[in-house]
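Given next are the chains, with one letter for each unit.
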Amino acid sequence: MRLLNKKRRIQYLGFNDIWFCIIGILTISIIANYLFNNPSERESIDLVLIGWFAALVSTICDWCIIRSILIFLRKKYPDFKDDLKRIIFLLIAIISVILVVDVTMGFLLAKFFIFLGYSSSHMVLLKVLLPIFLIIIMTMAIYEAVYYYIRLKKSIREEEQAKQIMIQAQLDTLRNQAQPHFLFNSLNTLRDIIDQDPKEHAKDFVDNLSNVYRFILESGNTNLTSIEKELKFTKAYVYIQSERFGSNLQMNWNIPANKLTAMIVPMSLQLLIENAIKHNIVSRAKPLLITVTIKDDFLVVHNKIQTKSTKVPSTKIGLKNIEQRYALISNKLPEITNDGNQFTVSLPLLKLSDQKKNYANTNH
């Protein structure tokens, strides 16, 4: 039988109620026996036992029938919005079952006592049934309280899981957005190389570009990466750009060894250097110096502003992409300053403990 199965009991009731049933039935049967018997009938031990047995049978009937109705109503009205309707139906069922079962059992018990030769005055009156109503209702209220608590926990858990899925989807979208952005700018660079340099330089550029993209694909499913890995990727990217700019692009790396294990958003450092190259003059007359350093638990990237005379087409993804990914992952956000002379972006160094609760399980 389904309800004798522990897994089924937990599914329908929220907990394994075997001991709750046993203790509840015994307690209610003892109280019912005391209420239903006249004081004169309690003087004989055999009458007490017979009365208790009858009360036990009626209590078991009450309990099992009401419990079955309770399960039926939960299957029919499982949602929170149906709670009031389900409870009203359950109260009606409790009253109906107790009236039918207890009145019938009281009548049969009186006839049974007379058949055995006892003088019985067993009568089931409303004032006697009232305490039984209250006890059964309180018992079913315990069932409902447990059921509500279990559903609430499940609802909260499902909501948290939904948030995690949503956050992961947003992160995946932003991460995938950054990769075409990189390709877009790399193709622009390749076009310039083809215009300016021999084909061999273009071939070398494509070879190096494929190596960089291999790195992107290998680390493409991570939402956080160490500074050490990001530096390896970024330096490979800078090497590619050096094919185009030569010594006109200068990098100043100042990263202490003890900070290499700190974490940042993948491709964030590369995007910052890419933006600096894209929006500033890089020439022999005006070489571009980009400094990358650590300051107060931030990875700081800054360069002198050397605005180009012609505006470069922009996808407007870089900085916004980084900010959105940081916002999804933690409460620490990048800091951007532009004083008209220097452009500085500071990326917070993250630890696993800095991750938002909803994000904690979204790393691949």
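The structure displayed is predicted, hence computed values, not measured ones.

Participant: Looking at this model, I keep getting lost on unusual backbone geometry. Mind explaining?
Facilitator: Outside of glycine, negative phi angles account for most residues, and trans bonds account for most peptide bonds. A positive phi angle, close to 50 degrees, is found at Asp296, a residue other than glycine. Structurally, Asp296 is set in the loop between β4 (288-295) and β5 (298-304). The residue Asp297 is not glycine, and still its phi comes out positive at about 60 degrees. By secondary structure assignment, the location of Asp297 is in the loop between β4 and β5. Taking relative accessible area as the criterion, Asp297 reaches 47% and is therefore assigned partly exposed.

Participant: What should I look at first to understand the packing of aromatic side chains in this one?
Facilitator: Each pair of aromatic rings is reported with the distance of its centres and the angle of its planes. One pass over the structure, following the stated rule, counts four aromatic pairs. A centroid spacing of 5.2 Å and a plane angle of 90 degrees characterise the contact between Phe20 and Tyr143, whose relative ring orientation is edge-to-face. Highlighted residues: Phe20 in helix α2 (residues 18-36) and Tyr143 in helix α5 (residues 126-196), separated in sequence by 123 residues. Residue Phe20 is classed as partly exposed on the basis of its relative accessible area, which comes to 23%. Relative accessible area serves as the criterion here: at 0%, Tyr143 is assigned to the buried category.

Participant: Would you mind showing me how to read the sheet that holds β5 here?
Facilitator: One key point about sheets: their strands pair by backbone hydrogen bonds, in either a parallel or an antiparallel sense. Spatially, the five strands line up as an open sheet ordered β2-β4-β5-β7-β6, and their pairing is mixed. Only two strands of the sheet have a single partner each, and these edge strands are β2 (249-254) and β6 (335-338). The sheet shows a mean angle of 15 degrees between the axes of neighbouring strands, direction not considered. Here β5 pairs with strand β7 (residues 342-348) via seven bridges, running antiparallel. Paired with His302 across the bridge in β7 is Thr344. Set on the sheet, helix α9 (residues 318-329) makes contact with β6 and β7; between it and β7 the angle comes to about 25 degrees.

Participant: Help me understand the packing of helix α8 (residues 268-279) against α9, please; the structure alone is not making it clear to me.
Facilitator: For any two helices packed against each other, one specifies the crossing angle of their axes together with the interaxial distance. Interaxial distance between α8 and α9 falls to 9 Å at its minimum, and their mutual angle equals 160 degrees. One way to sum up the angle between α8 and α9 is to call them roughly antiparallel. Judged by the sense of rotation from one axis to the other, the crossing of α8 with α9 is left-handed. Side by side, α8 and α9 meet where Ser268, Leu271, Leu272 and Asn275 of the first sit next to Gly318, Leu319, Asn321, Ile322 and Arg325 of the second. Here the contact of α8 with α9 is built from residues that sort into four nonpolar, four polar and one charged.

Participant: How should the pairing of β4 be read in this particular structure?
Facilitator: Regular strands show a simple pattern: their side chains alternate between the two faces of the sheet. Counting buried residues along β4, six of its eight residues qualify, which places the element largely inside the surrounding structure. In terms of strand pairing, β2 meets β4 through six bridges, oriented parallel. Bridge assignment links Leu249 to a residue of β4, and that residue is Leu288. Sheet topology note: the β4/β5 ladder contains six bridges and is antiparallel. By the bridge assignment, Lys295 is partnered in β5 with Phe298.

About the criteria used
- For every chain, the first residue of the written sequence is number 1, and numbering continues from 1 onward in sequence order.
- Only residues with pLDDT of at least 70 get local features here, since the model is predicted, and only at 80 or more are side-chain atom pairs given and counted; chain-wide, interface and lining totals rely on the full set of residues.
- Think of the side-chain values as coming from all heavy atoms in the structure, minus any hydrogens and water.
- Here a helix means four or more residues in a row that DSSP labels H or I, a strand means two or more in a row labelled E, and each is numbered from the N terminus.
- Burial status follows relative accessibility: with a 1.4 Å probe on protein chains alone, a residue under 20% of its type maximum counts as buried, one over 50% as exposed, and anything between as partly exposed.
- Whether two aromatic rings pair depends on their centres lying within 6.5 Å, for rings of Phe, Tyr and Trp, where Trp uses its six-membered ring; planes under 30 degrees apart make the pair stacked, over 60 edge-to-face, and the rest tilted.
- The pairing criterion for strands is at least two bridges between them, as found by DSSP.
- Each axis is a line fitted through C-alpha atoms, and for a helix only the stretch in contact is used; angles between axes span 0 to 180 degrees, taken between their N-to-C directions.
- What makes two residues a contact is simply this: any of their non-hydrogen atoms within 4.5 Å.
- Orientation categories follow fixed angle ranges, with anything under 35 degrees roughly parallel, anything over 145 roughly antiparallel, 65 to 115 roughly perpendicular, and all other angles oblique.
- When the near helix sits turned anticlockwise from the far one by under a right angle, the crossing is termed left-handed; a clockwise turn instead gives a right-handed crossing.
- Residues were grouped as follows: Ala, Val, Leu, Ile, Met, Phe, Trp, Tyr, Cys and Pro as nonpolar; Asp, Glu, Lys and Arg as charged; and all remaining residues, including Gly, as polar.

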